[in-house]
Amino acid sequence: MNVMNPDIVAPEADTTTPLTARDFTSDQEVRWCPGCGDYAILKAVRATLADVGRRPEDVVFVSGIGCAARFPYYLASYGFHTIHGRAPAVATGVKMANPDLDVWVVGGDGDFLSIGGNHLMHALRRNVDLNLLMPNNAVYGLTKGQYSPASATGMRSPSSPGGSVEAPVNAAMLALGAGARFVARSADTLQDHLPGVLKAAHANRGTSFVEILQNCVVFNDGAFDAVKDKATGAERTIRVEHGKPLIFGANADKGIHVDWATGTARVVPVGDGAAADEVTVHDQTNLALATILARMEGPDLPVALGVVYHAPGASFTDLREDDPTRTMDRAGLSRLLSAGKTWTVS
Amino acid sequence: MLDQPFASDLPATGTAAAVVRFAGDSGDGIQTLGSEFTKSSALAGHGFMTFPDFPAEIRAPAGTTFGVSAFQIQIGGDAVKTHGDTVDVLVALNPAALKTNLPSLRPGGLLLIDTDAFNKRGLEKAGYETNPLEDGSLDDYRVEAIEISRLTREAALADGRAEAGVTKKDADKARNFWALGLVYWMFEQDRSATAAWLGTKFGKRPEIAAANVAALDAGHTYGDVTDMAPPTRLRTLAAAQPKPGTYKTLTGIDGIVLGLTAASALSGLRLHYCSYPITPASAILHGLAKLEGEGVATFQAEDEIAAATAAIGASFAGGLGVTGTSGPGMALKAEALGLAAAAELPLIVVDVQRAGPSTGMPTKVEQADLNMALKGRHGEAPLPVFAAAGPGDSFDTVLEAARVATTFMTPVILLSDAYTANAAEPWRLPDVDAMADIAINRDIDPEGFHPFRRDQDTLARAWAVPGMPGLAHRLGGIERSAGSGHISYDPDNHQEMTDLRAAKLDRIRDFLPAAKIETGDDAGRVLVVGWGSTRGVLKSTVEELNAEGHAVGHMHLRNLSPLPRGLEETFGLFDSIVVAELNSGQLLDELRARFPHIPFRGLNKVTGQPFTVAEIDAALREDF
Ligand SMILES: Cc1ncc(C[n+]2csc(CCOP(=O)(O)OP(=O)(O)O)c2C)c(N)n1
Ligand code: SF4
Ligand SMILES: [Mg+2]
């Protein structure tokens with residue numbers, strides 16, 4: 001029984017004053033290495049939380065283990081730093097128990113793609129209303145630099161001194177294959193881009209998967225420089241937007257043309273002399289296009305950033321028939337106990 | 001052999017009770033026969049205990065010995081507490097069933113056989129070189145060899161039923177009900193409940209229902225019209241003299257399902273049962289899934305780790321998180337239990353033990369997960385461990401686990417096993433109005449709130465849940481500062497938190513009942529100590545020994561961690577102490593470590609089968 005003590009007055013939720021990033025900042029000292037990309041991600045997350053405006057008490061951050069997974073400690077919402085890889089499952093339980101909560105899950109590439117790959121797949125397939133944020137530094141940061149499932153082939157690390165022979169996983173492809181209905185990509189330092197992606201992820205009622213390219217200054221420094229660098233980034237990435245032509249380049253002089261017959265993409269010139277209809281228009285509801293975009297990893301094709309795929313569908317908790325607020329009561333229990341064949345002894 | 005008198009067949013000693021065992025192929029509907037006979041025995045007012053004994057394979061090749069399914073029941077008066085050591089009436093529907101089950105039949109016991117199944121092929125499949133019906137190997141028993149298949153066909157296809165669409169195949173499937181009809185006749189039991197059940201079961205095909213009822217009736221009539229010696233003593237079985245009330249048949253699985261539902265109703269917390277299918281625990285998931293829509297939530301997770309962590313998530317968010325499994329799944333949950341212990345969240349973890357290690361024998365009983373439950377975690381993470389001693393006790397034990405979990409903010413491990421899970425006994429419905437609330441304290445003052453500030457009596461921390469304003473906090477597996485809950489690597493703090501986690505168990509010990517002698521003498525020659533599903537057999541044996549004048553006592557431990565108060569004093573009142581368990585001595589080791597000066601003796605068995613009264617009896621007599 002949830003007996004409320006009348007002497008204790010819970011603070012009224014103040015819904016009038018707009019929230020700021022400060023309202024989501026906990027009193028804990030942030031303990032990442034100076035220069036770690038997670039700082040920028042944290043900043044974007046706090047700004048997004050203030051922007052979307054859910055009360056801190058209604059927001060829950062669940063994480064696994066790793067550098068990235070320290071996120072909950074630094075946010076003034078409810079938080080649960082759990083065990084390596086299992087955060088999507090914990091978060092599923094949280095959401096089942098209270099579907100009104102705004103639930104976010106943060107974990108690194110090791111957390112989500114290695115030990116927790118199974119749970120990632122099933123959260124996506126079930127379309128549980130969670131926002132999954134995966135800072136991808138292509139390395140195991142917290143355990144001091146071993147290669148991860150996202151590391152490039154040939155990466156030298158303490159556990160692969162001769163260079164890793166393994167092929168890396170493409171997280172966005174994996175998510176699409178698992179049935180994700182929202183797949184996006186951004187990068188830590190792209191503060192003009194990341195908050196918008198986070199906001200779109202939050203708006204999706206279902207599992208939103210966001211891969212955030214993140215720099216680990218200590219163990220994999222510069223892994224994504226080519227993508228993020230102001231000079232080269234414009235040539236090496238493409239920011240996709242629903243309904244807009246797939247154009248990139250510092251001078252917006254290149255486009256992506258998709259050949260639907262072969263399911264491949266190629267770069268075509270845009271502007272003077274180039275036929276405008278050669279450039280494919282982004283349709284975020286098109287799974288085939290999403291798959292082609294997710295697969296673009298350079299060097300001849302730009303890395304796609306933004307919402308690659310978004311096909312809204314009913315979420316797990318919405319689909320469950322049961323009323324999530326209902327609890328068995330004594331009358332129901334009495335009925336249940338006496339159901340079936342009974343006999344009476346007097 | 002029909003001329004052998006049957007009246008004197010049952011042993012004259014003990015209370016009037018009879019043990020019936022149905023055996024046949026997995027496809028013969030043996031478990032259905034068992035549950036129908038159980039129901040009718042209950043309605044006839046008998047006490048009973050059942051023991052379904054079936055293979056793990058869904059449908060092993062028909063006719064083979066490893067495809068044999070059996071169901072044993074003892075019926076009689078109040079004294080019935082076990083499914084019986086030896087069988088008085090064995091129904092064997094095929095040669096393989098005879099071969100594997102004959103050892104359980106007592107000399108002079110009645111053997112009911114379908115001779116039509118004892119053909120060349122059937123005998124070969126069972127590995128018989130000669131026909132046991134002809135080679136004299138059954139001379140010690142009273143054999144009723146009847147052409148059950150032929151008689152069933154005749155009955156099932158008569159009265160225009162063949163014309164109505166009942167095939168020979170349909171008719172053959174009804175032969176188990178023919179046999180049941182004859183068994184009903186032997187025990188003078190009413191078969192109308194089974195007839196009604198058949199009507200519902202085959203509701204869409206009334207002609208099939210009618211064929212089965214015809215077989216049931218034909219079996220019954222056979223007893224009347226043939227010169228079958230009336231099994232007089234079976235007809236005068238003691239009726240139970242139970243307490244007044246309303247009763248139903250309860251299995252251990254039912255007890256857990258109803259207990260968890262009751263815990264939800266009494267606490268006002270919505271139940272979240274998270275599980276991954278595994279024998280024999282899956283039946284809990286099935287039972288609770290039927291209650292979706294009535295305030296119970298179930299979640300079939302992708303594996304046991306997800307099941308445990310989702311349950312932890314549900315508890316974190318304010319629900320009653322429960323996860324259930326059997327041995328191998330319990331191993332997978334180990335890391336998650338460490339988290340729940342560190343986060344100090346209420347959680348119930350059910351382990352329906354089965355014979356291991358690894359896949360072992362999934363449908364067979366063993367109590368060998370005790371060590372894992374007590375100690376199978378990384379770091380020091382002591383947790384309460386309770387064991388259910390039978391179907392009805394499963395209900396009570398679940399409620400105790402829920403009360404402790406929420407009062408003390410701790411995970412609780414509840415051990416059942418493959419025997420208790422499937423065994424059935426009569427259960428008096430509890431008075432729901434008289435059941436105490438499981439109080440949940442959500443009066444948390446945000447002023448000065450810290451997630452690890454503790455109640456001074458219980459050492460429980462406050463259970464603030466997401467959605468409550470002013471109480472937002474961060475929980476985690478990294479060591480938490482006593483009080484504030486912030487990350488702390490401080491050496492003294494870790495010592496303090498480790499001590500606090502251990503001290504919580506002491507508080508739980510104070511909260512739980514003290515040790516007591518359950519059956520027999522409070523002091524004397526021998527004390528037998530057991531836990532879990534062995535209660536019935538220990539109790540029966542001790543009652544019999546007491547009746548013979550031996551000073552024997554029986555103590556049954558529900559609380560294995562923390563162990564109850566007053567153990568040492570009680571142990572001191574007996575000359576010798578026997579610890580009986582279906583493992584190689586796990587509780588025994590625990591008791592020896594705790595009370596090194598007491599000479600405990602182990603009585604152990606790891607065959608996948610429960611103890612018999614004879615085994616316990618012989619072991620206890622060694623100390624007389
Ligand atoms: C069961 C278990 N196995 C291993 C570890 C050790 N461990 C902690 S974090 C980690 C990998 C972290 O890599 P990632 O998820 O990419 O996060 P990052 O630190 O790079 O942000 C490992 C292997 C653990 N904590 N638990
Ligand atoms: S090790 Fe790498 S990922 Fe971890 S905090 Fe340092 S820079 Fe960041
Ligand atoms: Mg990483």
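Residues numbered from 1 in each chain as written. Chains lettered and ligands numbered in written order. Predicted model: local features only at pLDDT ≥ 70, side-chain atom pairs only at ≥ 80, totals over all residues. Heavy atoms only, no water.

This brings us to helix α11 (residues 330-337) of chain A. Within the span of α11(A), buried status applies to G332(A), L333(A), L336(A) and L337(A). The buried residues of α11(A) all sit within an arc of 130° when viewed along its axis, so they share a single face. Here the buried face of α11(A) lies against β7 (245-251), α10 (252-267), α16 (391-408) and β14 (424-428) of chain B. (Buried < 20%, exposed > 50% of the residue type's maximum accessible area, 1.4 Å probe, protein only. Helix = DSSP H or I, 4+ residues; strand = E, 2+ residues; numbered from the N terminus. Arc of directions from axis to C-beta. Contact = heavy atoms within 4.5 Å.)

Take the packing of helix α12 (residues 304-316) of chain B against helix α14 (residues 334-343) of chain B next. The geometry of a pair of packed helices is captured by two quantities: the angle between their axes and the separation between those axes. All names here are of chain B. In the contact formed by α12 and α14, the axes pass within 8 Å of each other and the chain directions differ by 15°. Judged on the interaxial angle alone, α14 and α12 are roughly parallel. Judged by the twist between their axes, the crossing of α12 over α14 is left-handed. Each of A308, T309 and I312 in α12 lies in contact with α14, whose residues at this interface are A336, L339 and A340. (Axes fitted to C-alpha atoms, helices over the stretch in contact; angles between N-to-C directions. Parallel < 35°, antiparallel > 145°, perpendicular 65-115°, else oblique. Left-handed = near helix turned anticlockwise from the far one by under 90°.)

Inspection of the entire model under this criterion finds 44 salt bridges over all chains. We note a salt bridge from D437(B) to R330(A), for which the minimum N-O separation is 2.9 Å. Highlighted residues: D437(B) in the loop between β14 and β15 (474-476) and R330(A) in helix α11, drawn from two different chains. Of the residues examined, D437(B) reaches a relative accessible area of 36% and is grouped as partly exposed. Residue E479(B) is joined to R480(B) by a salt bridge in which the shortest nitrogen-to-oxygen separation is 2.9 Å. R480(B) carries the same exposure label as E479(B), and that label is buried. Connected through salt bridges with shared partners, the residues E235(A), D253(A) and K254(A) form a single ionic network. (Salt bridge = Lys/Arg side-chain N within 4 Å of Asp/Glu carboxyl O.)

Glancing now at the domain arrangement of chain B. Residue and element names in this part refer to chain B. Splitting chain B by domain gives domain 1 (17-225), domain 2 (248-434) and domain 3 (519-621). Counting residues at the interface gives 27 residues for domain 2 and 22 residues for domain 3. If you sort the residues of domain 2 by the area they bury against domain 3, Q367, L370 and A389 come out on top, with a joint share of 30%. Taken together, domain 2 and domain 3 are joined by three salt bridges. Between R558 and E400 there is a salt bridge, with the nearest N and O atoms lying 3.0 Å from each other. Viewed at the interface, domain 3 and domain 2 are joined by 17 residue pairs in polar contact (both at pLDDT 80 or more). Along the lines of polarity and charge, the residues of the side of domain 2 that touches domain 3 split into 14 nonpolar, five polar and eight charged. (Domains from an automatic or database assignment. Buried area = accessible area lost by both parts, 1.4 Å probe. Polar contact = N/O pair within 3.5 Å; in protein donor to acceptor, adjacent residues only side chain to side chain. Nonpolar A, V, L, I, M, F, W, Y, C, P; charged D, E, K, R; others polar.)

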